[in-house]
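Listed here are the chains, written in short residue letters.
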Amino acid sequence: MAIELLCLSETIGKCEVDFQDLPEMIGFFSKTFGEYPFIKEKYGIAEFLWQFGAMETQTLMGIGSNFIGGENFFTEIYIHELAHHWFGDAVGPASWKDILAK
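Residues numbered from 1 in each chain as written. Predicted model: local features only at pLDDT ≥ 70, side-chain atom pairs only at ≥ 80, totals over all residues. Heavy atoms only, no water.

Draft legend 1. A look at the state of the cysteines. Tallied over the entire structure, the rule returns one disulfide. A sulfur-sulfur distance of 2.2 Å marks the disulfide that ties Cys7 to Cys15. Negative torsions about the S-S bond denote left-handed disulfides, and the value of about -110° found for Cys7 with Cys15 makes this one left-handed. You can call Cys7 buried: its relative accessible area is 18%. (Disulfide = S-S within 2.5 Å. Buried < 20%, exposed > 50% of the residue type's maximum accessible area, 1.4 Å probe, protein only.)

Below, the structure is given as structure tokens:
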């Protein structure tokens, strides 16, 4: 399975440091919860300029550039978003009214 880093040119070195443990993380989740659900595709990281967090989508994690530092400081966020591929992507509300606050 391929892992793709789509980072800004000025942060590619920091991305390589921060995401160097992704194969191990994917291996842990796969061993614990079953094969990566998109094994025939890829797992990608896309850095973006929105600064308020991260968001996983099928086969891709989007992450704000302020969460890439080259010091492995935000590993918990990366693990959290990766975990959605086993749990969050397979669960959804039945209708919009199910997500509205009461």
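Right, picking up where we left off after that structure.
Draft legend 2. Geometry of the sheet that holds strand S2 (residues 42-48). Across the sheet, four strands lie side by side as S1-S2-S4-S3; this open sheet has mixed pairing. Whereas interior strands pair on both sides, the edge strands pair on one side only; in this sheet they are strand S1 (2-6) and strand S3 (54-57). For this sheet the average axis-to-axis angle between neighbouring strands, irrespective of direction, equals 15°. Bridge count for S3 against strand S4 (residues 60-64) is four bridges, and the pairing is antiparallel. Paired with Glu56 across the two strands is Met61, which belongs to S4. (Pairing = 2+ DSSP bridges. Helix = DSSP H or I, 4+ residues; strand = E, 2+ residues; numbered from the N terminus. Axes fitted to C-alpha atoms, helices over the stretch in contact; angles between N-to-C directions.)

Draft legend 3. Region of interest: the side chain of Glu47. With respect to the secondary-structure elements, Glu47 resides in strand S2. Despite its burial, Glu47 pairs with no opposite charge, the nearest such side chain being Lys14 at 8.4 Å. Reaching out from Glu47, the side chain makes a polar contact with the backbone nitrogen of Leu8 at a distance of 2.9 Å. Here Glu47 is in contact with Leu6, Cys7, Leu8, Thr11, Cys15, Ile63, Ser65 and Ile68, once residues within four sequence places are set aside. (Lys, Arg positive; Asp, Glu negative; His and termini not counted. Salt bridge = Lys/Arg side-chain N within 4 Å of Asp/Glu carboxyl O. Polar contact = N/O pair within 3.5 Å; in protein donor to acceptor, adjacent residues only side chain to side chain. Contact = heavy atoms within 4.5 Å.)

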